[in-house]
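# Residue-level structural notes
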Amino acid sequence: MNHANTQPMYRLTRRALHIDWPLFGLLLLLATLGLCILYSASNASLSMIFRQTMRLTLAFSVMFALSFIPPHKYKYASPGLYVLGLILLIAVMVMGKIGKGAQRWLDLGFFRFQPSEIMKLAVPMMTAWYLDKKSLPIDFKSLFIAVLIIFIPTLIIARQPDLGTAIMVASGGVFVVFLAGIAMRTVWWLASGLAILAPFFWNLMHDYQKQRILTLINPERDPLGSGYHIIQSKIAIGSGGTFGKGWLSGSQAHLNFLPEHATDFIYSVAGEEFGFIGAASLIFLFLCVSLRCLYIAKNTQTSYTRLLAAGLSMSFFLSAFVNMGMVMGILPVVGVPLPLISYGGTAMVTFLAGFGIMMSISSHRILFNAL
Amino acid sequence: MRSNNPIISHQTETALHQLRLNILVTLVIICSLFLVLRLAYLQFSQYKRFATLSLQNQMSITPIAPTRGIIVDRNNVVLAENTPVYALEIVPEHVENMQSTLQQLKTLLPSITDDDIEHFHRTRKQTRRYLPVPFKLKLSEEEVAIFATHQYAFPGVSIHAQLMRSYPLGDIASHVLGYVGRINADELQNIDSTNYRATHFIGKTGIERFYEDKLHGRVGYQHVETDVSGRTVRVLSKQAPASGAKLKLTLDARLQTRAYQALQGKEGAAAVIDVRDGSILALVSVPSYDPNLFVHGITQIDYAKLVNAPEKPLFNRSIRGLYPPASTIKPFIALAGLEKEVITEDSKIYDPGWFRLPGVSHTYRDWKRGGHGTMRLKRAITVSCDTYFYHLGNKLGISAIEDMLIHFGFGQLTQVDLKEEIPGLVPNPQWKRQTRGVSWYTGDTLITAIGQGSMLATPLQLANATASLSQHGQRFRPHLLQQWTDDQEKPHEFIPIEEYPVHLSNKKFWNLITDAMQSVVKSKEGTGHRFGGNTDYSVAAKTGTAQVIAMSQDEKKRYQTVSAAFHDHSLFIAFAPVETPEIAIAVLVEHNPTASNIARQIMDTYFESKKHEVTS
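For the structure given in this document, a descriptive report is provided here.

Thresholds applied
- Residues numbered from 1 in each chain as written.
- Chains lettered and ligands numbered in written order.
- Predicted model: local features only at pLDDT ≥ 70, side-chain atom pairs only at ≥ 80, totals over all residues.
- Heavy atoms only, no water.
- Helix = DSSP H or I, 4+ residues; strand = E, 2+ residues; numbered from the N terminus.
- Buried < 20%, exposed > 50% of the residue type's maximum accessible area, 1.4 Å probe, protein only.
- Areas by Shrake-Rupley, 256 points an atom, 1.4 Å probe, with all protein chains shown as cover.
- Phe/Tyr/Trp six-rings, centres within 6.5 Å; stacked < 30°, edge-to-face > 60°.
- Lys NZ or Arg CZ within 6 Å of the ring centre and 35° of its normal.
- Axes fitted to C-alpha atoms, helices over the stretch in contact; angles between N-to-C directions.
- Parallel < 35°, antiparallel > 145°, perpendicular 65-115°, else oblique.
- Left-handed = near helix turned anticlockwise from the far one by under 90°.
- Contact = heavy atoms within 4.5 Å.
- Nonpolar A, V, L, I, M, F, W, Y, C, P; charged D, E, K, R; others polar.
- Patch = residues over 30% accessible without salt bridge, like charges linked within 9 Å, V, L, I, M, F, W, Y side chains within 5 Å.
- Salt bridge = Lys/Arg side-chain N within 4 Å of Asp/Glu carboxyl O.
- Core = buried A, V, L, I, M, F, W, Y, C linked by side-chain atoms within 4.5 Å.
- Pairing = 2+ DSSP bridges.
- Polar contact = N/O pair within 3.5 Å; in protein donor to acceptor, adjacent residues only side chain to side chain.

### Concerning the overall build of chain A
When its secondary structure is counted, chain A shows 15 helices and 2 strands. Going through the 371 residues of chain A one by one, you find that 56% of them count as buried. Total accessible area on chain A stands at roughly 15500 Å², and carbon and sulfur atoms take up 72% of it.

### Regarding the packing of aromatic side chains
By the definition in use, this model includes 25 aromatic pairs over all chains. Where F332 of chain B meets F410 of chain B, the ring centres are 5.6 Å apart and the plane angle is 80°; that geometry is what we call edge-to-face. Taken as a pair, F332 of chain B in helix α14 (residues 330-339) and F410 of chain B in the loop between α17 (398-407) and α18 (429-436) lie far apart in primary sequence, 78 residues in all. Members of the aromatic cluster, connected to one another through ring pairs, are W21, F24, F60 and F64 of chain A. The side chain of R20 of chain B reaches across the aromatic face of F178 of chain A, ending 4.9 Å from its centre.

### Comments concerning the packing of helix α6 (residues 115-133) of chain A against helix α8 (residues 163-180) of chain A
When two helices pack together, their arrangement is captured by the angle between the axes and the distance separating the axes. Residue and element names in this part refer to chain A. Between α6 and α8, whose axes approach to 9 Å, the crossing angle comes to 15°. With respect to their mutual orientation, α6 and α8 come out roughly parallel. In the packing of α6 onto α8, the handedness of the crossing is right-handed. Of the residues in α8, those in contact with S116, M119, K120, V123, P124, T127, A128 and L131 of α6 are T165, M168, V169, G172, G173, V176, V177 and A180. The residue inventory of the contact of α6 with α8, partitioned by class, reads 10 nonpolar, 5 polar and 1 charged.

### Examining a nonpolar patch on the surface
Residues and elements named next belong to chain A. Together, L194, L197, F200, F201 and L204 make up an exposed nonpolar region whose accessible area comes to about 480 Å². When you line up the elements, F201 lands in helix α9 (residues 184-204). The class for F201 is partly exposed, based on a relative accessible area of 36%.

### Remarks on the nonpolar core
When a protein is soluble and globular, its nonpolar side chains tend to lie buried together. Counting residues in each nonpolar core, the largest one holds 128 residues, and the members touching the most others are Y388, F408 and F410 of chain B. A total of 8 residues in this core trace back to one element, the largest contributor, which is helix α21 (residues 508-522) of chain B. Setting aside chain neighbours within four positions, we find Y388 of chain B in contact with I343, T344, S347, I349, M375, R376, L377 and A380 of chain B. Counting 121 residues, the second-largest nonpolar core is a separate cluster that includes I149, I237, A309 and M358 of chain A.

### Description of the interface of chain A and chain B
By a widespread convention, an interface's size corresponds to the accessible area lost as its parts come together. Across the contact, 55 residues belong to chain A and 43 residues belong to chain B. Inspection of the region where chain A meets chain B yields 0 salt bridges. Elements with a minimum of two residues in the side of chain A that touches chain B: α8, α11 (228-238), α12 (251-254), α13 (266-299) and α14 (303-327) of chain A. Counting residues per element, the side of chain A that touches chain B draws most heavily on α13 of chain A, at 13 residues. Considering only residue class, the side of chain A that touches chain B consists of 31 nonpolar, 18 polar and 6 charged.

### A closer look at the sheet that holds strand β23 (residues 583-589) of chain B
Residues and elements named next belong to chain B. Reading across from one edge, β12-β11-β23-β22-β21 is the order of the 5 strands in this open sheet, with antiparallel pairing throughout. In this open sheet, the two edge strands, each paired with only one partner strand, are β12 (280-286) and β21 (540-546). Taking the axes of each pair of neighbouring strands and ignoring which way they run, one obtains an average angle of 5° across the sheet. Sheet analysis places strand β11 (residues 268-274) next to β12, joined by 6 bridges and oriented antiparallel. Residue pairing in the sheet places G268 in a bridge with V286 of β12. Taken strand by strand, helix α10 (residues 253-263) contacts β11, β12 and β23, and its axis lies near 30° from that of β12. Along the sheet face, helix α20 (residues 459-470) touches β11, β12, β22 (569-576) and β23 and points at about 150° away from the line of β23.

### Overview of the pairing of β22 of chain B
All names here are of chain B. Where burial is concerned, most of β22 is hidden: 8 out of the 8 residues are buried. With burial as the criterion, each face of β22 is covered, one bearing H569, L571, I573 and F575 and the other bearing S570, F572, A574 and A576. Note: β21 against β22, 7 bridges, orientation antiparallel. Across the sheet, G544 pairs through a bridge with L571, a residue of β22.

### Points about the side chain of R317 of chain B
All names here are of chain B. Checked against the element boundaries, R317 lands in helix α13 (residues 317-320). Residue R317 is classed as buried on the basis of its relative accessible area, which comes to 2%. Polar contacts involving the side chain of R317 include one to the main-chain carbonyl oxygen of E311, which spans 2.8 Å.

Now the structure itself:
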């Protein structure tokens, strides 16, 4: 970093464009690899590639735009964004009641988006904003409020029902709380409390969600039903072997045995076609992105930015971890896309918006030093 | 424990954050390592298993139906074959505008009806989009040509040729050949489901049913790569099916046709057997039906017509029709008398036109009022004297009669290679007690001796017994198969099966009966005068008239006025030539006296074609 700082060019771009180059390079690499995998997973559908490229362009533009906004503005905006997100969530919930069935989308006529996506950013921001004011160690009242901040939107999203997004939203906040310094003792208490409450949550879950967990334990109990996804995904990855079947040659994906192979299960396609070498490289890339983000968190000066950066980093890593764990059959099937790789727009824009904030935190740090 | 020093607080806070961030870094690395380990487990240690599963996923084995073996007669005339039937098929996935395509097809081929279109839409809903849906079945060759020239304008529409069973002889041999039809649920239970995986048709009756195993052949397979919906992506390897065996039957299509024509318009049956090996030359049941109707799936209306017709065209009279053998049984009864030594050639009785048992008032009448006068064996057979056989039956007793008839194969299955056959009946006291619950009377014996009463035989049984008679007791199992050729083109001869022969103590007895049967057609007073005497070949025969209902002589006078349904059946058995017998025949005509005329036509045909063979 110090070495990099000495380069005038680097400093210039950093000030003019607010770009964290290592992070940007990693993200661009992931996005490019993602397009390659998607080309194969979509059976060489150029229209899907075109649409995904458009989304990536939009998402990266959002990232650049957000990176210009200095971190303290995010801090001020945190409560407002959180409340706005909450209102939209409730609006969607009410409309869902009227319209019957799952309702996640807010249709603005020209534009449809999921308010839960806002919450992926707003919850860590709000939690960080709230806990930043509190000094150490965090008392129980503050902890309780922080938990409320996290779990009110989480529960609404989980009831939509969108367990995957709910987990992502919660994790962003939970890691902020963890970082803010609740006593390790409290962490253990909460963990054991969750374990005790698990049967209660089990009862709250929808039948299909229960099915997914049972299926994870033994996919063969229903090979053509809920176990089908996991079995076919494991076959795809396992049959890839060390070097894979080669690009565009994955039989599981191309003959449609693999479900959702362009979206949630796209990692199986990578595993099938590029083998251990390719699939492990992807894990390594996700690890690098996460570590770079945590590095940014470590090097930022203010408490708020540190908390927020850590929350966003962990949210990103957890997304990748849950997705890959799910397709490899070690986590239940929850609808979590693989960041930057899975086909689809909403989640991607959110992730890159998060990276925009990360870059803002990273690049504006120098500016504060100068002042 | 609130700190008052914000600097220290800031420092402790930063230190804590650094510590916690380090924990998170560790957590992230551990989780990533965990994923890599899982990946290694799946792709290294489980590779073989998943690679196999992946292969199994995409490979599927599709069966290929074997071609059913054809059936020919002894002169290689085709009796059952597989002819291509052209159908118009549409793959919905490849058609852009279904509505206009169908309309254009309708203008191109006017034979397409709205029903076809409606049926197509119904089938289409139950079929996967990439699979062909039949649209118009049975295109004429002209229509095939018209469509072929316009095919470029109809993407997704194609002509599909399918082999369908067809029976060139139609009605003539339908009962003996049988027909194939779609496999039904019951049959599905009993077939080798592996071998029939691609087969839609199965032999339902006749030869088609009996030799189903040989005719069907062995299923072939192709290994194909498929996608998840079962669509074939490409063919990887193929194992050709083994066609069914070609069957050569003992039937003579010419003779079969002649017999059918001779019987046409009547209800009856005829069986012609080669006496030297039991092979069946003709086996006809009239009226008949067109077996081709059943192959394509007979319509409800057509089927109802066949089932409800009063003359029962579906009924195979030749092997399922049970008739009293009437006087045709007399030669066999006479043989029993000679063998049991209750009569000799010269034993004589006087026939006053009736017979009365001692102490019983009931009279058993002869068919001829006033009687035939003095009777010896030969004349008794020639004029078919009932009174002589009442005497003989009375002396023999039922068990001696039963014994002889059983030896000639009556009351049992002939074991012909047709599954529909039924055994008929030779009555005895035990049978009567069991089924009717009453004792056997001597009167029962008397009417059995003239082939009336409870005794029932099929035309095939009569022909077969006549064949045995001509061969002096040597008995063959009647059969229709002569040779079958397997898929390696290797012919296998059917070896005739000899049954336990009828053994007589004196060989002369055979000649006595043959001589008497010859005079049936030769003698002026012989009952076979309708057959005609002026044949190029020598014939031994016996006529029979089976009463449908018992009528007194007086009633018979009013014969003309009696409804046709109550007219007697006529029967005729014969073998020829007498010196070196070749064929035996049995003809039965219901409610009609023409059995001997019909037999004459059939036998003439046989000897005529033989003459042609010799000269050419």
